[in-house]
Amino acid sequence: NGEHIVVVGGGSGGATAAKYLRRFDPNLQVTLVEPNATYHTCYGSNWVLGGFRQMDQIAQSYQALRDTHGINVIQDRVTAIEPDAHQVRLAGGRTLSYQKLVLSPGIDFDWEAAAEGTSEATADRIPHAWKAGPQTQILRRQLEAMPNGGVFIMVAPPNPFRCPPGPYERASMVAHYFKTHKPRSKVLILDVKEGFSKQGLFMGGWEANYGDMIEWVGGDRGGMVNRVDVANRTVFSDDGLNRYRGDVINYIPPQKAAQIAHDAGLTNEAGWCPVDQRTFASSIHPDVHVIGDSSVAGAMPKSGHSANSQGKLVAAAIVNGLRGIDAPEPSMVNTCYSLITPDWGISVAAVYRYDDGSIRGVEGSGGVSPADADREFRRREADYTRGWYRSITTDIWG
Ligand code: FAD
């Protein structure tokens, strides 16, 4: 029937939405716009830093979306969204008209809120590696070049940010690499926050596997970083009271919805995209649905699994909407697995429902791994972590 849906961003949310739109209605014409020919998942990128995964093992292609699912994948960047005209403009010069637009462009960095001395231009020397790809490789090479006995400093981002357990899994993976190759080295995490996701499980796992190799300095102990002297690889925290010299600095800046969402006027004062949490239709331009990290999704964390769940929901909401049927009552899920060593996995899971204007966790659902599990239990969770990677990437890009 020729109805045309345009999806912007071929990451976790966008690729899922494109695939499930075609699955729910094979007559729909679906176009996916994504600038990169290959997508590198952030999930698994910490394992690359740990030295036991290669970049090509976290690479996803768009071939199945094109060939198996009949999606028109255009390798280009959207430079402007015109909600009133229902069209998007591409850097390559084309204009695409849509009936509904799905936007899943991920995050960008809020350099204005970042520490003094840091900017987009310093990311090649103090990489964030919070978008996987070249940044992951820069950080990996710096770790490889670091001497035994060196110090890795991670500056963790303030809330809200993509992947709440991500910084702490990264610290674990860097410690794993050090333990096996540079055992006199240290991992120091400077954190503006006073607590973090799965904290007890991480800290228990760190002690059991790495002794005192990893140190976490939270916001109540002066972990807030105000300035970075990039040339001298020195980090200043607690209003300059403390200074730390690192051999490798991983500065993860504060985050906001991706730039295209800002340019299109889809963001709120906090820098994220408010939506009707039942359909993910933008509260500002309702024919644009925003999913994934850019959106404000109630209690759901900014994760690949959340974006995947939201991609399916938005596909169902759009297909129903075009047929004049009510959107489904959303029930969504998220699991975040983290590896502390290649044989020690931990997880947090939750089920969500839309209730009274917002997405909320279902009482009694989900939870975290038990605190007192034995090594065999942790080893099984590490296997589930790799299984989760295989199944979610197949669900999204397969
Ligand atoms: P993305 O997946 O980032 O996709 C956005 C896409 O939009 C990109 O491909 C980009 O190129 C494209 N784009 C941007 N602007 C434009 C434009 N103007 N035009 C066209 N395309 C555009 N999540 C988990 O569930 N489990 C994990 O274990 C996990 N581990 C993580 C570890 C790390 C170190 C990090 C950093 C993240 C991790 N995440 C994990 C989080 C997960 O990667 C993100 O939450 C998820 O990818 C968000 O999906 P998204 O679709 O919103 O954005």
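Look up: the structure comes first, before these words.
Below you will find a few notes about this structure. Source: prediction; values computed, not measured. What you see as residue numbers is a count from 1 along each chain, following the sequence as written. Per-residue local features of the predicted model are confined to residues with pLDDT of at least 70, and side-chain atom pairs are confined, for both listing and counting, to 80 or more; whole-chain, interface and lining totals are unaffected and use all residues. Each side-chain value is derived from all of the structure's non-hydrogen atoms; neither hydrogens nor water enter the calculation.

Runs of E in the DSSP output that reach at least two residues are strands. Runs of H or I that reach at least four are helices, and both are numbered from the N terminus. The number of helices and strands found in the protein is nine helices and 25 strands. The globule rule used here is 2.2 Å times the number of residues to the 0.38 power, and the radius of gyration it is set against is calculated over C-alpha atoms. Its C-alpha radius of gyration of 21 Å places the protein within 12% of the 21 Å reference for a compact globule of 398 residues. C-alpha extents for the protein along the principal axes are approximately 65 × 45 × 40 Å. For the protein, with 398 residues in total, the buried portion stands at 56%. Whether a residue is buried, partly exposed or exposed follows from its accessible area with a 1.4 Å probe, protein chains only, as a fraction of its type maximum: under 20%, in between, or over 50%, in that order.

In this text, near means that some heavy atom of the residue lies within 4 Å of the molecule or strand in question. Taken together, 33 residues are adjacent to the ligand, and Glu34, Tyr39, Ser104, Arg162 and Asp293 come closest. Here an oxygen atom of the ligand and a backbone polar atom of Gly13 are 2.9 Å apart. Distance and chemistry together define a polar contact, namely a pair of N or O atoms within 3.5 Å, with one atom able to donate a hydrogen and the other to accept it when in protein, and with adjacent residues in sequence counting only for side-chain atoms on both sides. Within the side chain of Ser104, an N or O atom sits 2.8 Å from an oxygen atom of the ligand. Here the ligand has 1000 Å² of accessible area as a free molecule, and 94% of this is covered by the chains. Among the elements of the structure, helix H1 (12–24), helix H2 (45–49) and helix H8 (304–322) are those that each provide at least two residues to the shell around the ligand. By residue class, the composition of the shell around the ligand is 14 nonpolar, 13 polar and six charged. For accessible areas, the Shrake-Rupley method is used with a probe of radius 1.4 Å. Any residue's cover is judged against the shown protein chains and nothing else. In this classification, the charged set is Asp, Glu, Lys and Arg, the nonpolar set is Ala, Val, Leu, Ile, Met, Phe, Trp, Tyr, Cys and Pro, and all remaining amino acids, among them Gly, are polar.

Turning to helix H6 (residues 199–210), a few remarks are in order. Multiplying 1.5 Å by the helix residue count minus one yields the expected span of that helix. In this model H6 runs 15 Å from its N-terminal to its C-terminal C-alpha over 12 residues, within 8% of the 16 Å that 1.5 Å per residue would give. Gly211 sits one or two positions beyond H6 and adopts a positive phi of about 55°.

We now examine the layout of surface pockets. Its volume calculated, the second largest pocket comes out at about 260 Å³. A pocket here means an open set of points on a 1 Å grid, computed over the protein atoms alone, that has protein on both sides within 12 Å along at least five of seven lines. A cavity is instead a set of points where a 1.4 Å probe fits but cannot get out; residues with an atom within 4 Å of a point line either one. Lining the second largest pocket are 14 residues; nearest its centre among them are Asp108, Phe109, Asp110, Trp111 and Glu120. In terms of residue class, the lining of the second largest pocket is built from four nonpolar, four polar and six charged. Grid points are joined across faces, edges and corners, and a volume is the space filled by probe spheres set on the points.

Bringing the sheet that holds strand S16 (residues 242–245) into the picture now. Read across the open sheet, the three strands follow the order S14-S15-S16; overall the sheet is antiparallel. Either end of the sheet is taken by a strand with one partner, and the two such strands are strand S14 (225–229) and S16. The average undirected angle you get between the axes of adjacent strands in this sheet is 20°. Across four bridges, S14 lies against strand S15 (residues 234–237) in antiparallel orientation. Two strands are counted as paired when DSSP detects at least two bridges linking them. Working convention: axes come from line fits to C-alpha atoms, limited for helices to the stretch in contact. Angles between N-to-C directions cover 0 to 180 degrees.

This part is about the packing of helix H5 (residues 166–181) against H6. Two elements in contact, H5 and H6, have axes whose closest approach is 11 Å; the angle formed by their N-to-C orientations is 0°. Taken together, H5 and H6 sit at an angle that is classed as roughly parallel. Here H5 contributes Tyr168, Glu169, Ala171, Ser172, Ala175, His176 and Lys179 to the contact with H6, which in turn contributes Phe202, Trp206, Asn209 and Tyr210. Its residues assigned to classes, the contact of H5 with H6 comprises six nonpolar, three polar and two charged. Angle categories: roughly parallel below 35 degrees, roughly antiparallel above 145, roughly perpendicular from 65 to 115, and oblique for all the rest. Contacts are residue-level and defined by heavy atoms, with any inter-residue pair within 4.5 Å sufficient.

Counting buried positions along strand S2 (residues 29–33) gives four out of five residues, so the element sits mostly inside the fold. Where strand S1 (residues 4–8) meets S2, five bridges bridge the pair, whose relative direction is parallel. Within the sheet, the bridge partner assigned to Ile5 lies in S2 and is Val30. For the handedness criterion, the β-α-β arrangement of S1, H1 and S2 is classed as right-handed. As defined by bridge partners, S2 adjoins strand S5 (residues 72–74) across three bridges and the pair is classed as parallel. Counted as the bridge partner of Thr31 is Asn72 from S5. When the strands point away from the viewer, a crossover counts as right-handed if the route from the first strand across the helix to the second turns clockwise.

Here we have four strands laid out as an open sheet, ordered S13-S12-S11-S17, and parallel in their pairing. A single partner strand is all that each edge strand has here, and the edge strands are strand S13 (214–217) and strand S17 (248–251). Across the sheet, the axes of successive neighbouring strands diverge by a mean angle of 15°, strand direction being ignored. Bridge analysis of strand S12 (residues 186–191) against S13 gives four bridges, and the strand direction is parallel. When the sheet's bridge partners are listed, Val187 is paired in S13 with Ile214. Along the sheet face, helix H4 (residues 134–145) touches strand S11 (151–156) and S17 and points at about 155° away from the line of S17. Sheet strands in contact with H6 are S12 and S13, and its direction is about 150° off that of S13.

Turning next to the packing of H8 against helix H9 (residues 375–397). In contact at an axis separation of 11 Å, H8 and H9 are set at 35° when each is read in the N-to-C sense. For H8 against H9, the interelement crossing comes out left-handed. For the pair H8 and H9, the contacting residues are His305, Asn308 and Lys312 in the first and Trp388, Ile392, Asp395 and Ile396 in the second. The crossing is said to be left-handed when, going from far helix to near helix, the turn is anticlockwise and less than a right angle, and right-handed when the turn is clockwise.

This part is about the nonpolar core. Within the largest apolar cluster, 113 residues are counted, with the highest numbers of intra-cluster contacts made by Ile81, Ile189 and Trp206. For this core, the element with the highest residue contribution is H5, accounting for seven residues. Nine residue types can take part in a nonpolar core, namely buried Ala, Val, Leu, Ile, Met, Phe, Trp, Tyr and Cys, and a core is a set of them joined through side-chain atoms within 4.5 Å.

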